[in-house]
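# Secondary and tertiary structure notes
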Amino acid sequence: MDLEQFFKDERVDLFSDVSLDDLSGKDRSSVLEFLPVARSVIVFGREVPVAVYAMAAKEKTREIYRIAGSLDATARSLAECLDAEQFPSVPVPFLFPVRIVDGRVQGLVRLKQIAAAG
């Protein structure tokens, strides 16, 4: 899969494929709890337009949630593409980066720390 083209098509400003070997023990273990066969984490983002920060609080919140929803949709699309190419993957939700199994929270993935490692 051509990640650069995928993210260009998705209008993503920045991305990084971070090896689990480059993560702290805590971050590595949380990713493995999220997806035990993981070998890396792909992190990406879009720039928030400056005008958003000048919006009234309610409008700003609405716009940030819209952006977050868009990032989550991109993550789901990426996971589907990777799965189709036989690379097991799971999208990590932007606002609540965990998964819940049998009512138990698992794998708090610290996206900021992983992005910094990338």
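Residues numbered from 1 in each chain as written. Predicted model: local features only at pLDDT ≥ 70, side-chain atom pairs only at ≥ 80, totals over all residues. Heavy atoms only, no water.

### A word on the overall build of the chain
Just so we agree on the cut-off: In DSSP terms, a helix is any run of H or I states spanning at least four residues, a strand is any run of E spanning at least two, and both are numbered starting from the N terminus. Radius of gyration here is computed from C-alpha atoms only, and the compact-globule reference equals 2.2 Å multiplied by the residue count raised to the power 0.38. Accessibility here uses a 1.4 Å probe with only protein chains present; expressed as a share of the type maximum, an area under 20% marks a residue as buried, one over 50% as exposed, and anything in between as partly exposed. The contact rule is simple, with two residues in contact once any of their heavy atoms fall within 4.5 Å. Computed with a 1.4 Å probe, the accessible areas rest on the Shrake-Rupley method; for each residue, only the protein chains presented here act as cover. Counting rule applied: Lys, Arg positive; Asp, Glu negative; His and chain ends not counted. Note that the charge is assigned to NZ on lysines, CZ on arginines, CG on aspartates and CD on glutamates.
A tally of helices and strands in the chain yields 5 helices and 4 strands. Counted from the first residue to the last, the chain has its helices and strands arranged as α-β-α-β-α-α-β-β-α. In summary, the chain has a C-alpha radius of gyration of 15 Å against a globular reference of 13 Å for 118 residues, a match within 12%. When the backbone C-alpha atoms are referred to their principal axes, the chain occupies close to 45 × 35 × 25 Å. Going through the 118 residues of the chain one by one, you find that 31% of them count as buried. Contacts in the chain between residues far apart in sequence, at least 24 positions, make up 63% of those at least 6 positions apart. When the accessible surface of the chain is totalled, it reaches about 7800 Å², and 55% of it is carbon and sulfur. Each charge class in the chain was averaged separately, 15 positive and 18 negative side chains, and the resulting centres sit 8 Å apart.

### A look at helix H2 (residues 25–34)
Let me state the cut-off plainly: Regarding the arc, it is the one traced by the directions from the helix axis to the C-beta atoms.
Residues Asp27, Ser30, Val31 and Phe34 constitute the buried set of H2. Here the buried residues of H2 occupy an arc of 100° about the axis, which is enough to place them on one side.

### Topic: the nonpolar core
Selection rule: Buried residues of nine kinds, namely Ala, Val, Leu, Ile, Met, Phe, Trp, Tyr and Cys, make up a nonpolar core once their side-chain atoms join them within 4.5 Å.
Core analysis: the largest hydrophobic core is formed by 12 residues, namely Val18, Leu20, Leu23, Val31, Phe34, Leu35, Ala38, Val41, Val43, Val92, Val109 and Ile114. Listing elements by their share of this core, those giving two or more residues are H2 and strand S2 (40–45). Apart from the residues within four sequence positions on either side, Val41 is in contact with Ser16, Asp17, Val18, Leu20, Val31 and Ile114. Within the second largest apolar cluster, 6 residues are counted, among which are Leu3, Phe7, Val12 and Leu78.

### Section: the pattern of salt bridges
What counts, and what does not: In the sections that follow, a salt bridge refers to a side-chain nitrogen of Lys or Arg positioned within 4 Å of a carboxyl oxygen of Asp or Glu.
What the rule picks out here adds up to 1 salt bridge. Note that Arg66 is salt-bridged to Glu63, the shortest N-O span being 2.6 Å. On the criterion of helical spacing, the pair formed by Arg66 and Glu63 is a turn pair, its members being 3 residues apart in helix H4 (residues 57–84).

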